Amino acid sequence: MPSPGLGLAPRLRYLAGRARRIDVGSVLDRAKEASAQHGKWTPAIVVDMLWQAGLRNVGFQDYIDYDFADLSRAERATYMTHPVSNQLSQKYDDPAFRHIFQDKIEFDRVFSEYLHREWMVVEEDNSERVRAFTERLGTIVTKEPVGQAGTGVHRYHAAEIEDWAAFHRGLLARGELLVEEVIQQHAALAAVCPGTVNTTRITAFFDGEKTHILAMAQKFGRGAVSDQMTFGGFYTMLDDDGRAVGPGYDSHGHVYAAHPDSGFIIDQFQLPMMEQVRAFIDRVARVVPQVQYVGWDVVVTPEGPVLVEGNWGAGVYENKPSVTGIRTGHKPRYRAAIGF
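The model shown is predicted, which means the values in this text are computed figures rather than measured ones.

Caption draft 1: Focus on the layout of surface pockets. In this model, the second largest pocket occupies a volume close to 410 Å³. For the second largest pocket, the lining is made up of 20 residues, of which Leu55, Arg56, Ala77, Lys331 and Arg335 are closest to its centre. Here the element with the most residues in the lining of the second largest pocket is helix H3 (residues 42-56); it accounts for four residues.

This is the structure we're talking about:
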């Protein structure tokens, strides 16, 4: 078990890397966005953003997403940020085991017990097996083994495929090597968006004995194969009982009081089977105990929760004060569980 606290050296390396990659134009654009929303002077926001990034471990997008221009110093201190999350990942996720979470095929092999769906791997000589698998299921999802934010995920319908040999060659050529059965989500999730499998991101820390749930966010799609923001998706934070704490939002300034397609009122959402979800997260967190800090993506089905993937670089999902009215974040929970 690593010692408590976050070391200075990883933080300095992270800051040095960010300094090399800084996009001045992007900073100015974000500052103008915050200025327009919160009625603050743009140059003052630029200075504040740089100060927060350099001294307070606040990412530029964190500053915008969590309305830092409108928060007091004490309120800001309660928010988890991507730089801090990155440092936690580097410290508590053993590099020797990260490949299990980076490679989707390896992940499915290791966590097969918790997927509760069929899957297979595309190989040079299994065109007929791919065809039989797809025709039997009707619709499949394919994934590139390495990808993030929903990239490399595709959906195919057997009825639309005419040349199966060409389809198989295309999967190989594009690197879509993992094929999975489509998850059948619970009616409570389908009521919001039936065309996308809507995942719940549960960020958790396993301390060697106990699994701590640090934050929960419910993601909703727009009918595409993925609920990620790159596909038009958005999220809302959930409380400990799985209840939405307010409307939905994304990182592009959009707010969703209701789902644009179904009309479902987002703050009325209740994740079903929360007791089963908690127990499920505790079980999966123990499979690879060397990777302690994980963002788990799960889907609740009529039979219970199933695992989609685990992210060793957990990322951050937080409250947005201008949307929810909640002006504090989850950092105290992280600190209590992890001890930094």
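Caption draft 2: Representation of the packing of aromatic side chains in the model. Counted under the stated rule, the structure contains 18 aromatic pairs. Every member of this aromatic cluster is reached through a ring pair, and the members are Tyr63, Tyr66, Phe68 and Tyr79. Sitting over the face of the ring of Trp312, Arg98 holds its NZ or CZ atom 4.2 Å from the ring centroid.

Caption draft 3: Local environment of empty space enclosed by the protein. Considering all chains together, one arrives at one cavity of 30 Å³ or more under this definition. Considered as a void within the structure, the largest cavity measures approximately 40 Å³ in volume. Taken together, Lys219, Asp227, Gln228, Met229, Phe234, Tyr235 and Tyr317 form the lining of the largest cavity. Here the lining of the largest cavity is composed, by residue class, of four nonpolar, one polar and two charged.

Caption draft 4: Molecular detail of unusual backbone geometry. Despite not being glycine, Asn57 shows a phi value in the positive range, around 60°. Mapped onto the fold, Asn57 is located in the loop between H3 and helix H4 (60-65). Given the relative accessible area of 8%, Asn57 is considered buried. Positive phi, close to 60°, is recorded for Met273, a residue that is not glycine. We classify Met273 as partly exposed; its relative accessible area is 21%.

Caption draft 5: Structural context of the pairing of strand E2 (residues 139-143). Of all five residues that make up E2, four are buried, and the element is covered over most of its length. Direction of pairing for E2 relative to strand E3 (residues 153-157): antiparallel, over a ladder of five bridges. Pairing of Thr142 across the sheet is with His154, part of E3. When E2 meets strand E4 (residues 178-181), the two strands line up antiparallel, connected through four bridges. When the sheet's bridge partners are listed, Val141 is paired in E4 with Glu180.

Caption draft 6: Spotlight on helix H14 (residues 331-338). Along H14, the positions that sit buried rather than exposed are Lys331, Tyr334, Ala337 and Ile338. Along the axis of H14, the buried positions cluster into a sector of 130°, meaning they face one direction only. In the core, the buried residues of H14 are packed alongside helix H6 (82-92), strand E5 (200-206), strand E6 (211-220) and strand E10 (293-301). Of the residues one or two after H14, Gly339 is the one with positive phi, at around 85°.

Caption draft 7: Expanded view of the sheet that holds E4. Taking strand neighbours across the sheet as the criterion, the four strands line up as E1-E4-E2-E3 in an open arrangement whose pairing is antiparallel. Of all strands in the sheet, those bounded by a partner on one side alone are strand E1 (119-121) and E3. Neighbour to neighbour, the strand axes of the sheet diverge by 25° on average, direction disregarded. Those strands touched by helix H9 (residues 127-137) are E1, E2 and E4, and its axis lies near 130° from that of E2.

What counts and how
Residues numbered from 1 in each chain as written. Predicted model: local features only at pLDDT ≥ 70, side-chain atom pairs only at ≥ 80, totals over all residues. Heavy atoms only, no water. 1 Å grid on protein atoms, 1.4 Å probe; cavity = no way out; pocket = protein on both sides within 12 Å on 5 of 7 lines; lining within 4 Å. Points joined across faces, edges and corners; volume = space filled by probe spheres on them. Helix = DSSP H or I, 4+ residues; strand = E, 2+ residues; numbered from the N terminus. Phe/Tyr/Trp six-rings, centres within 6.5 Å; stacked < 30°, edge-to-face > 60°. Lys NZ or Arg CZ within 6 Å of the ring centre and 35° of its normal. Nonpolar A, V, L, I, M, F, W, Y, C, P; charged D, E, K, R; others polar. Buried < 20%, exposed > 50% of the residue type's maximum accessible area, 1.4 Å probe, protein only. Pairing = 2+ DSSP bridges. Arc of directions from axis to C-beta. Contact = heavy atoms within 4.5 Å. Axes fitted to C-alpha atoms, helices over the stretch in contact; angles between N-to-C directions.

From the geometry alone we can't say anything about function, so treat these as descriptive.
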